[in-house]
Amino acid sequence: MVALTDRTQKRLTMQTGEIAPDTTAIRSLDWDRDRFDIEFGLQNGTTYNSFIIRGEQTALVDTSHEKFRQLYLDALHGLIDPKEINYLIISHTEPDHSGLVKDILKLAPQVTVVGSKVAIQFIEDFVHQPFERRIIKNGDKLDLGNGHELEFVIAPNLHWPDTIFTFDHKTQILYTCDAFGLHYCSDSTFDEDLAAIEADYRFYYECLMAPNARSVLSALKRMGELPEVHTIATGHGPLLRHNVVELTGRYRQWSQAQTKGETTVAVFYVSDYGYSDRLSQSLAKGITKTGVAVETLDLKSADPQEVQELVGRSSGLVIATPPAASATAQTAIGTVLAAAKEKQAVGILESYGGDDEPVDPLVSKFRELGLTVAFPAIRIKDTPGEAIYQLCEEAGTDLGQLLTRDRNIKQIKSLDADLEKALGRISGGLYIITAKKGEVKGAMLASWVAQASFQPLGFTIAVAKDRAIESMMQVGDRFILNVLEEGNYQHLMRHFLKRFPPGADRFAGVKIQPAENGFPILTEAVAYMECEVASRMECSDHWIVYSTVQAGRVSKPDALTAVHHRKIGNYY
């Protein structure tokens, strides 16, 4: 592979190299990016992958983020004269993959843009110039010559409504853009080290694909109709070659589990308006943490019959406000209102697009229909930051918990009484986990804590999947374990057991001080430890988080650790 570096931005680099006969990868490596569209954290940067396929004709698959403009165009010129490019294949139009489409059309005005109907409409909206186009449907083929016959797979909602996959029959490479990708930046072009990437692969799935699990399964079914896929050329992270079966199998397993949920929430958004898609992603992620299935639908491109059917089979509805001037979106909102039913739960959030449908009249209309408002309408007064995305995720979790409350109570009552009482005899200490990620802080009362290793010093914590703090306890994240004092913990226990509204400050009224790493320590703690998440193991309703201890201090040497005694083992 050949690496090119921009000296003025030393952590943006380019990597190019042949990945198969007549096939070249152009990878834009963003080493230092620690947030991606704000809504979820990154520990290992990201990449934006683009590809050239040469037959008798030449196709360019996707472009790159606009921050790589000069680096990318220089790399492209070093590989091919843009005037020799016959086709520009748009896997989907999100700006991190299509940010340089205008530049390509300027350099190669002869190129034919290939994409789904929705993608071509989106391109028209932002290039504002005439261009040759070819709208493709599922199963359509494009023959580049020399054996490179491309077959297209329509894969909507992965994770935009315009997404397509492209399969090259000669090289058996499937170009999937966001699907099967991960935010992980390294010099490795392929997935040789599965252990190094699997945590980021799962986190990426949870953030982007879990809310679209039904669409994932539909895409996998269509992939199954293709010949064997040798390589998956993703839009982010390393390409999948060594672990294709394993990693696509995980998508299937996770998505099947997600869609088995007895309850579904419909999330309606507008993909190319304001922050609608990003905010709705965060809210959907919060919902899926509770085991509730999510189906997302773009109000701008949705078919009225599809909207009606989705509302009819959903227990909850979420709407990111569409532009008031969009007749199509307004018609879709009317369809949602007409199909909505009593006893459904609903949540409304602004999109911060400059022309949002007013929130209050929309909330009132749903209330008049007998729906339960699951959380206060989320109003966006400025460009969304980390705190707003966290608020959206917590609101989604509140909605999911509301919808599953009765089911969970029923499950608790169904367990064997003797077994419950026996399990309840397992006791543990009492601790408060405090965490900080960017501008967001979180806290949680914990009792399922146990030392797990001497070298290095480490312990495990069981964290329920629907805890708000779970998002701040991914591999590589840091936190504080505060040890509570026997006889002096009741007020802290009561405080942190409260049900906090979305976005609330967990530390209001609690004495805290900063640790060396800047994270909050409870002043009344007997001891504290600065920790880093090393690995996670998934259980049915909890994550077992193994963490190493970086530093610690005892403030009251003679005090004892508070102990939590339970009488029953099927809840805290």
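Residues numbered from 1 in each chain as written. Predicted model: local features only at pLDDT ≥ 70, side-chain atom pairs only at ≥ 80, totals over all residues. Heavy atoms only, no water.

**Brief notes about the pattern of salt bridges**
- According to the stated counting rule, one finds 24 salt bridges in the structure shown.
- With a closest N to O distance of 3.5 Å, Asp 22 and Lys 170 form a salt bridge. Taken together, the residues span a long stretch of sequence, with Asp 22 in the loop between β2 (12-20) and β3 (23-30) and Lys 170 in the loop between β13 (164-168) and β14 (173-177) at a distance of 148 residues.
- We classify Asp 22 as partly exposed; its relative accessible area is 31%.
- Using a relative accessible area of 40% as the deciding quantity, one classes Lys 170 as partly exposed.
- Of the charged contacts, one joins Asp 272 and Lys 300 as a salt bridge, the two residues approaching to 3.2 Å between their closest N and O atoms. Here the residue Asp 272 occupies a position in the loop between β16 (264-269) and α8 (276-288), and Lys 300 occupies one in the loop between β17 (293-298) and α9 (304-312), the gap between them amounting to 28 residues. (Salt bridge = Lys/Arg side-chain N within 4 Å of Asp/Glu carboxyl O. Helix = DSSP H or I, 4+ residues; strand = E, 2+ residues; numbered from the N terminus. Buried < 20%, exposed > 50% of the residue type's maximum accessible area, 1.4 Å probe, protein only.)

**Quick look at helix α4 (residues 117-127)**
- Three or more residues of α4 are buried, namely Val 118, Ala 119, Ile 120, Phe 122, Ile 123 and Val 127.
- Buried residues in α4 make contact with α3 (101-107), β9 (112-115), β10 (132-135) and β17.
- Positive backbone phi, approximately 50°, marks His 128, located one or two places after α4. (Contact = heavy atoms within 4.5 Å.)

**Quick notes on the sheet that holds strand β15 (residues 231-234)**
- Judged by pairing direction, the sheet is mixed, and its five strands sit side by side in the order β11-β12-β13-β14-β15 without closing on themselves. Strand pairing shows two members of the sheet lacking a second neighbour, β11 (141-143) and β15, which therefore form its edges. Each strand axis lies, on average, 25° off the axis of its neighbour in the sheet, ignoring direction. (Pairing = 2+ DSSP bridges. Axes fitted to C-alpha atoms, helices over the stretch in contact; angles between N-to-C directions.)

**Digging into unusual backbone geometry**
- A cis amide bond, omega -5°, links Leu 158 with the succeeding residue His 159.
- Residue position: His 159 is located in the loop between β12 (149-154) and β13.
- Residues other than glycine seldom take positive phi values, yet Asp 62 does so here, at roughly 65°.
- With respect to the helices and strands, Asp 62 occurs in the loop between β7 (58-61) and α1 (69-79).
- Residues other than glycine seldom take positive phi values, yet Tyr 352 does so here, at roughly 55°.
- Within the fold, Tyr 352 resides in the loop between β19 (345-349) and α11 (359-368).
- A relative accessible area of 30% places Tyr 352 in the partly exposed class.

**Some words on the sheet that holds strand β24 (residues 449-453)**
- Strand order in the open sheet formed by seven strands is β23-β22-β26-β29-β30-β25-β24, with antiparallel pairing between adjacent strands. Edge strands, defined here as strands with exactly one partner in the open sheet, are β23 (440-446) and β24. With strand direction ignored, the average angle separating the axes of adjacent strands in the sheet is 35°.
- Sheet topology note: the strand β26 (residues 478-483)/strand β29 (residues 527-538) ladder contains six bridges and is antiparallel.

**Let's talk about the packing of aromatic side chains**
- Applying the stated criterion across every chain yields a total of 13 aromatic pairs.
- Summarising the aromatic geometry, the rings of Tyr 205 and Trp 254 are spaced 5.1 Å apart at their centres and angled 50° between planes, so their arrangement reads as tilted. Taken together, the residues Tyr 205 in helix α5 (residues 194-209) and Trp 254 in helix α7 (residues 244-259) connect sequence positions 49 residues apart. Across the pair, exposure class does not vary: Tyr 205 and Trp 254 are buried alike.
- By the ring-pair criterion, three or more aromatic residues cluster together here, those being Phe 165, Phe 180, Tyr 201, Tyr 205, Tyr 251 and Trp 254. (Phe/Tyr/Trp six-rings, centres within 6.5 Å; stacked < 30°, edge-to-face > 60°.)

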